[in-house]
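# A closer look at the structure
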Amino acid sequence: MKPILFILLLSLSFTACDKTIEEILHLGENNKPVGVSANDLLSSSKYTSLKIEVAYMPGFAPDADALTHLHAFLTARLNKPGGITITTRQIPAASSTTLSGNDVINIEEEHRVGKTDASEMHVFILYTNGQYTSDNVLGIAYRNTSAAIFGKKIHDNSGGLGQASRTKLEATVLEHEVGHLLGLVNIGTAMQTPHQGTGHHCDNSACLMYYAAETTDILGFLVTGNIPTLDANCVNDLKANGGKY
């Protein structure tokens, strides 16, 4: 199975153009490579609260239960005494049904409202009306506080006869991509025990951070299985980088 190219590498090419890595690292707080803000997201040492801005295109509003599951996932792992809030709003549809990484970045730059400030982290999650240029990809993490869910691909592969539920598939992809923002695996959150498999993914096929959770390879499992959880190695990594014990 051809693995997805992890978005740290993509983020450098998408956002860099002719910029060096050093230049990227000195851009705004919400325009850095995936994993750079892992400790800031996990701990309360710099930011005491988190706001997640979900922008969706017409016909592809996020599943309410999936967002509730994401909130519970984050509450269990992040030290944010000021709270974690999720807001949603509709944005115009993209004209193309197939989106590249650069397309996603351009959409974010046009429509993102929330930015990290003195005490509150901001994360932007985009729900698109199209699919990614790699046909089997369901979601990507592409900046330190940015991820995209490919809504049409999610809708085409969930909620129907013989398919996984929309909630299960969407929550799995959401939490997997947010896991990358939290530095998993070995991309801003150091491994306490070696467990890196394909790309920056866990080597445990039952773990949320296994590579399949962001591709159509997860579909068969979710028909009868539950939303994957982080395994002990991933949880221990997050704890060591400022996450909740």
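Everything in this summary refers to the structure shown in the same document. Note that the structure is a prediction, hence the values are computed from the model and not measured.

### A short note on empty space enclosed by the protein
A full pass over the atoms with the stated rule returns 3 cavities of 30 Å³ or more. Here the largest cavity defines a volume of roughly 50 Å³. What lines the largest cavity is Leu41, Leu50, Ile52, Leu74, Leu78, Val123, Val178, Leu181 and Leu182. Broken down by secondary-structure element, the contributors of at least two residues to the lining of the largest cavity are β1 (49–56) and α7 (166–181).

### Let's talk about the packing of aromatic side chains
Within this structure, the stated rule accounts for 2 aromatic pairs. Both rings, one in Tyr210 and one in Tyr211, keep their centres 4.9 Å apart while their planes meet at 55 degrees; by these two values the pair is tilted. Tyr211 gets classed as buried once you look at its relative accessible area, which sits at 13%.

### Digging into helix α4 (residues 64–77)
Here α4 spans 20 Å end to end across 14 residues, near enough to the 20 Å set by a 1.5 Å rise per residue. Looking at the buried side of α4, the elements it contacts are β1, β2 (84–90), β4 (120–127) and α7. The N-capping residue of α4, defined by a side-chain oxygen 3.1 Å from the backbone nitrogen of Asp65, is Asp63.

### Comments concerning unusual backbone geometry
Each neighbour pair has its own omega, and for Leu184 with Val185 the value is 0 degrees, a cis peptide bond. Among the structural elements, Val185 can be located in the loop between α7 and α8 (219–224). The phi torsion at Asn186 lies on the positive side, around 60 degrees, for a residue other than glycine. Examined against the element boundaries, Asn186 turns out to sit in the loop between α7 and α8.

### Structural notes on the pattern of salt bridges
Two side chains with opposite charge may pair up if their charged atoms get near one another. In this structure the tally under the stated criterion is 7 salt bridges. When the shortest N-O distance is used, the salt bridge between Glu53 and Arg89 registers 2.7 Å. Taken together, the residues span a long stretch of sequence, with Glu53 in strand β1 and Arg89 in strand β2 at a distance of 36 residues. Residue class for Glu53 comes out buried when judged on its relative accessible area of 5%. With its nearest N and O atoms 3.5 Å apart, the salt bridge here joins Glu108 to Arg143. Of this pair, Glu108 sits in helix α5 (residues 101–111) while Arg143 is found in strand β6 (residues 139–143), placing the two residues 35 residues apart along the sequence. The buried category is assigned to Arg143, whose relative accessible area is 4%. Ionic contacts of the salt-bridge type, sharing partners, join the residues Glu108, Glu109, Arg112 and Arg143 into one network.

Rules used in this analysis
Residues numbered from 1 in each chain as written. Predicted model: local features only at pLDDT ≥ 70, side-chain atom pairs only at ≥ 80, totals over all residues. Heavy atoms only, no water. 1 Å grid on protein atoms, 1.4 Å probe; cavity = no way out; pocket = protein on both sides within 12 Å on 5 of 7 lines; lining within 4 Å. Points joined across faces, edges and corners; volume = space filled by probe spheres on them. Helix = DSSP H or I, 4+ residues; strand = E, 2+ residues; numbered from the N terminus. Phe/Tyr/Trp six-rings, centres within 6.5 Å; stacked < 30°, edge-to-face > 60°. Buried < 20%, exposed > 50% of the residue type's maximum accessible area, 1.4 Å probe, protein only. Expected span 1.5 Å × (residues − 1). Contact = heavy atoms within 4.5 Å. Polar contact = N/O pair within 3.5 Å; in protein donor to acceptor, adjacent residues only side chain to side chain. Salt bridge = Lys/Arg side-chain N within 4 Å of Asp/Glu carboxyl O.

No statement about biological role is implied by the geometric values presented.
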